[in-house]
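Analysis of the macromolecular model
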Amino acid sequence: MSISPRKVIFDTDPGVDDAMALYYALAHPGIDVVGITTTFGNVFVAQAATNALYLSALTGRSIPVTQGASQPLVKKAETPPDYIHGADGLGNLPQRVATAGELDPRSSAQFIVDMARQYPGEITLVAVGPLGNLATALQLAPELPTLVREVVLMGGTVLESGNVSPVAEANIWNDPHAADAVFTAGWPLTMVGLDVTHQVILPLTLFQQIADHHQHIATDTLCHAVAFYSAFYSQRETTMGESLACYGHDVLAFVVLTNPELFTLQTGRVRVAVDGLAQGQTMMQRKAVSYPQHGWHYDIPHTQVCMRVQANACKAVIEHTLLRDWIRKPLLALIS
Ligand code: BDR
Ligand code: CA
């Protein structure tokens, strides 16, 4: 008996590790990407939408792509980190081929609501950027938590140091008010934060091997992007070793869906510091005690937080999945 693949809306700010995550999802037989909703973050949102269309067209997929949040709900927008992902989000590609495909005209938030209503109980939201699209979808349809199957987000950290401040991770810090709305909405929610993503180091040679295997523009593009991104991480982090390597952050949000046995989870309430020096910190209640401080009331919903990962097995799953036979002929624009 074959189990039908899980319907996923991928909410993303591509971004190099976002591209890795998208290609992992497209390559995995257990996942059906039914839409890509984009947000600002690693790049401005128009570039994020362009990249999502481009990356999916290169693999021969015509998936609905929407453009969503262009700025945080409350705070002033931060500058996109072109030194990590490149000014174009894909490691400054020297050129792009002309691909077919246009944006779905709906906002990302509206698309999420429409799909959740069309497929009640079936949609999994995998969110790997700042969380404005999900927060806005909650405002449009307060019943959304009862309509989606579950939410998995890459963001936050509990015990590991932050990557934009000692306590904050980038996706949460980019829109802390949206993140707090997502953590308190009351849907089945899994957080994949730096506690696990900093354990999985992916060498550039893995992506070179994948590109050599497929001999395809999609995996060549990914490899180019990862080379740029790895140069940043190898220069910044002592954990990368001698050769170029990087964290795969966003791809782990899919690995937890396909291979939950590789992760150790802890359940507890998570809230976000929305301003001040700790802005973007994800604070987790790890003890079953009651606190007098406002904001930790018993009716605040729980989040499942990934605390540990079997790093080598996770790496092997990523390698195995991306080496599958999954890429089709690119959807190129017709030249008249
Ligand atoms: C997260 O921030 C972004 O730069 C990455 O794409 C990832 O989603 C890691 O902190
Ligand atoms: Ca991302």
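Residues numbered from 1 in each chain as written. Chains lettered and ligands numbered in written order. Predicted model: local features only at pLDDT ≥ 70, side-chain atom pairs only at ≥ 80, totals over all residues. Heavy atoms only, no water.

1. With respect to the overall build of the protein chain
Check the secondary structure of the protein chain and you find 13 helices and 12 strands. Relative to the globule expectation of 20 Å for 336 residues, the C-alpha radius of gyration of the protein chain, 19 Å, shows essentially globular dimensions. Principal-axis analysis of the C-alpha atoms places the extent of the protein chain at approximately 65 × 50 × 50 Å. By the burial criterion, 57% of the 336 residues in the protein chain qualify as buried. Of the contacts made within the protein chain by residues no fewer than 6 positions apart, 82% connect residues no fewer than 24 positions apart. A total of about 14,300 Å² of accessible surface is found on the protein chain, and carbon and sulfur atoms cover 52% of it. Charge-centre separation for the protein chain: the mean point of 19 positive side chains lies 5 Å from the mean point of 29 negative side chains. (Helix = DSSP H or I, 4+ residues; strand = E, 2+ residues; numbered from the N terminus. Rg over C-alpha atoms; globule rule 2.2 N^0.38 Å. Buried < 20%, exposed > 50% of the residue type's maximum accessible area, 1.4 Å probe, protein only. Contact = heavy atoms within 4.5 Å. Areas by Shrake-Rupley, 256 points an atom, 1.4 Å probe, with all protein chains shown as cover. Lys, Arg positive; Asp, Glu negative; His and termini not counted. Charge placed at Lys NZ, Arg CZ, Asp CG, Glu CD.)

2. Thoughts on the site of ligand 1
What surrounds ligand 1 is the set Asp17, Asp18, Asn42, His85, Val128, Met154, Asn163, Glu169, Ala170, Asn171, His249 and Asp250. His85 is positioned such that a nitrogen or oxygen atom in its side chain is 3.2 Å from an oxygen atom of ligand 1. Asn171 has a polar side-chain atom sitting 2.9 Å from an oxygen atom of ligand 1. Coverage of ligand 1 by the protein chains reaches 95% of its 280 Å² of free accessible surface. Those elements giving two or more residues to the shell around ligand 1 turn out to be helix H1 (16-27) and helix H7 (170-174). (Near = heavy atom within 4 Å. Polar contact = N/O pair within 3.5 Å; in protein donor to acceptor, adjacent residues only side chain to side chain.)

3. Regarding the coordination of the calcium ion (ligand 2)
Taken together, Asp13 (OD), Asp18 (OD), Asp18 (OD), Val128 (O) and Asp250 (OD) make up the protein donors of the calcium ion (ligand 2), found 2.3 to 2.8 Å from the metal. Read in sequence order, the donor residues coordinating the calcium ion (ligand 2) give the pattern D-x4-D-x109-V-x121-D. Classification of Asp13 as buried rests on a relative accessible area of 1%. (Donors = N, O, S within 2.8 Å, 3.2 Å for Na, K, Ca; no water.)

4. A look at the pattern of salt bridges
Two side chains of opposite charge can pair, provided their charged atoms sit close to one another. Going through the model one piece at a time under the given rule, you end up with nine salt bridges. Between Glu122 and Lys7 there is a salt bridge whose closest N-O contact spans 2.9 Å. Residue Glu122 is found in the loop between helix H4 (108-118) and strand E4 (123-127), and its partner Lys7 is found in strand E1 (residues 6-12); the two are separated by 115 residues along the sequence. Note on Glu122: relative accessible area 34%, which makes it partly exposed. (Salt bridge = Lys/Arg side-chain N within 4 Å of Asp/Glu carboxyl O.)

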